[in-house]
Protein chains: 2
Amino acid sequence: MSFRLLIVEDSPELLEATGDFFREEGSGLWDVVTASDGNDALAKVRGGSFDLMILDIMLPGASGFDICRAARQKSDCPIIFVTALGSENNILKGYETGCDDYVVKPFSLRHLYAKSLALLKRAKKSSDGDILRCGTISLNRNTMLVTVEGREVAINAREYFLLVYLLENKGAVLTRKAILDHVWGDDLDVSDRVVDNTIRRLRESLGSASGQIKTAIGRGYRITEE
Amino acid sequence: MSFRLLIVEDSPELLEATGDFFREEGSGLWDVVTASDGNDALAKVRGGSFDLMILDIMLPGASGFDICRAARQKSDCPIIFVTALGSENNILKGYETGCDDYVVKPFSLRHLYAKSLALLKRAKKSSDGDILRCGTISLNRNTMLVTVEGREVAINAREYFLLVYLLENKGAVLTRKAILDHVWGDDLDVSDRVVDNTIRRLRESLGSASGQIKTAIGRGYRITEE
DNA sequence: TTTTCCGTGACATATTGGCGACACATCGAA
DNA sequence: TTCGATGTGTCGCCAATATGTCACGGAAAA
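Since we're looking at a predicted model, the values are computed, not measured.

The rules we used
- Residues numbered from 1 in each chain as written.
- Chains lettered and ligands numbered in written order.
- Predicted model: local features only at pLDDT ≥ 70, side-chain atom pairs only at ≥ 80, totals over all residues.
- Heavy atoms only, no water.
- Pairing = 2+ DSSP bridges.
- Helix = DSSP H or I, 4+ residues; strand = E, 2+ residues; numbered from the N terminus.
- Axes fitted to C-alpha atoms, helices over the stretch in contact; angles between N-to-C directions.
- Contact = heavy atoms within 4.5 Å.
- Buried < 20%, exposed > 50% of the residue type's maximum accessible area, 1.4 Å probe, protein only.
- Polar contact = N/O pair within 3.5 Å; in protein donor to acceptor, adjacent residues only side chain to side chain.
- Core = buried A, V, L, I, M, F, W, Y, C linked by side-chain atoms within 4.5 Å.
- Parallel < 35°, antiparallel > 145°, perpendicular 65-115°, else oblique.

### Some details on the sheet that holds strand β1 (residues 3–8) of chain A
Residue and element names in this part refer to chain A.
- Ordered in space as β2-β1-β3-β4-β5, the 5 strands form an open sheet in which the pairing is parallel. For this open sheet the edge positions go to β2 (30–35) and β5 (101–104), each flanked by a neighbour on one side alone. Averaged over all pairs of adjacent strands, the angle between their axes in this sheet comes to 15°, without regard to strand direction.
- Two elements, strand β4 (residues 79–83) and β5, share 4 bridges in a ladder whose sense is parallel. Among the inter-strand pairings, Phe 81 is bridged to a residue of β5, identified as Tyr 102.
- Running at roughly 175° to β2, helix α1 (residues 12–26) makes contact with β1, β2 and β3 (52–56) of the sheet.

### Considerations on the side chain of Thr 198 of chain A
Residues and elements named next belong to chain A.
- Relative to the elements of secondary structure, Thr 198 occurs in helix α8 (residues 193–206).
- Take Thr 198: its relative accessible area is 8%, and that puts it in the buried class.
- A distance of 2.7 Å separates a polar side-chain atom of Thr 198 from the backbone oxygen of Val 194.
- Dropping the residues within four chain positions of it, Thr 198 is found in contact with Arg 158, Glu 159, Leu 162 and Trp 184.

### Quick word on the sheet that holds strand β9 (residues 151–153) of chain A
Residue and element names in this part refer to chain A.
- Taken in spatial order, the 4 strands line up as β6-β7-β8-β9 in an open sheet, and their pairing is antiparallel. One side of each edge strand has no neighbouring strand; the edge strands of this open sheet are β6 (131–134) and β9. If you compare each strand with its neighbour and ignore which way they point, the axes differ by 25° on average.
- Two strands pair when backbone bridges link them, and strand β7 (residues 137–140) and strand β8 (residues 145–148) are joined in this way by 4 bridges, in the antiparallel orientation. Residue pairing for β8: Asn 140 is matched across the bridge by Leu 145.
- Here helix α6 (residues 157–168) sits on the sheet and contacts β6, β7 and β8; the angle it forms with β7, its principal contact strand, is near 110°.

### Re the nonpolar core
- Core analysis: the biggest nonpolar cluster contains 32 residues, and Val 146, Leu 163, Ile 179 and Leu 206 of chain B have the highest contact counts within it.
- With residues near it in sequence (within four places) discarded, Leu 206 of chain B still touches Ile 137, Val 146, Val 148, Leu 163 and Ile 213 of chain B.
- By size, the runner-up hydrophobic cluster in this structure holds 27 residues, among which are Ile 179, Val 183, Ala 209 and Ile 213 of chain A.

### Notes on the pairing of strand β10 (residues 213–216) of chain A
All names here are of chain A.
- Across 4 bridges, β10 lies against strand β11 (residues 220–223) in antiparallel orientation. Looking at β11, one finds that Ala 216 is bridged to Gly 220.
- Linking β10 to β11, which pair antiparallel, is a turn of 3 residues; within it Gly 218 sits at a positive phi near 85°.

### Here we look at the packing of helix α7 (residues 176–184) of chain B against helix α8 (residues 193–206) of chain B
All names here are of chain B.
- Two elements in contact, α7 and α8, have axes whose closest approach is 9 Å; the angle formed by their N-to-C orientations is 75°. Relative to α8, the element α7 lies roughly perpendicular. From α7, Arg 176, Ile 179, Leu 180 and Trp 184 reach across to α8, where they touch Val 194, Val 195, Asp 196 and Thr 198.

None of this, on its own, says anything about what the molecule does.
What follows is the structure, encoded as structure tokens:
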């Protein structure tokens, strides 16, 4: 498991030094991608997904701010700005654009590396608890949005909480009783069949991922990776 | 009752010291297996099952990460990483790979031993009562899933509860009457032969492990280790 | 050998869950 | 308020599946 890192920097020496530092220090932790001008960076941002970005602000082509905005369109991966100016307005503008941290040139590579690790760890931690994934299904507990193959799908409240319960117990067979207890609560004068029907509607909502919800006849339901 | 411990470490002195410490301190609690290079360790991981692993990361041959990944293929036994670097990225990567804890060299053997005991206790607790094992059969009562040789097998409700009853009384001969009482309940206007047939279907479902269910002619059935 | 017991295949039946349809509740907008 | 749109629980039917029964043949005990 390695993390995709994008470094954008127009000075070839600094770009190479930074890339090498991350590669060596991380011993395989980082999968480093580099770009030396704004347009190249934009293309790479749009083409792939990254776990961390280190962006110089002053660049030929698009600026670091532009790249940051483009990146924010599709993900909220941590972004560190590198600024030669050190002027306050750049930093301020950086935070407005949505960066997470910044370093001022000249900077120590070790310092940059430490910041990167800290941000990565934080991102991992916050996403681990908040985003439930299984196969092509992804559920964000903060926004309460569900996506399948990256596309958002409409989902009802009952279906949502049922899906949460399934995902919290990925792989496990959940009996109707357990599902009723957790999703419907104690106000149970409802028939067992509501579970069936909600499962059915959830499957419809999930579209191509509907097959991930498996029926364990005589026992209950479970969600699997595939 | 002893627990199988694998220690992988390329320094012969440290390896011996650690092994001796566990043997003496545990006075029979640990069944210590050692390996001094990555490939040897991989072979041992693939060959046997362990209750705990202590893995050095930097090794000749395969790295500790590789061994961890290989181990995770077949079990979720606790794994402790030993790193000489103490750098954060190794630790982070270790957790990514699926380790449970780590110690940084130089470390105190007593400290390592304490961590080991804690992890072992936690692992035992979570598995006791929840996972029934017998030979190559493993049944998880939480997830209601059954695996044979690590691979999941499909199983019906009746077969499942019959298997639970057999495993709860591992080795013991269970009469048809006892089986009917426990698995079918009191609504018994069913013939004794349903047991035979369910046993037959269970054997089919268990595939290569079918031989573990033995017939005790004139008495009933029992499940054995092999 | 004789008798009892069990494995197996075939079949009948019971159970389960998927599905469509409907009724009622809830909520917002006109 | 009224009206519709939407969400949610219930019911009944039917196909799929699980499960029980039977009969036969062979193996193990007596």
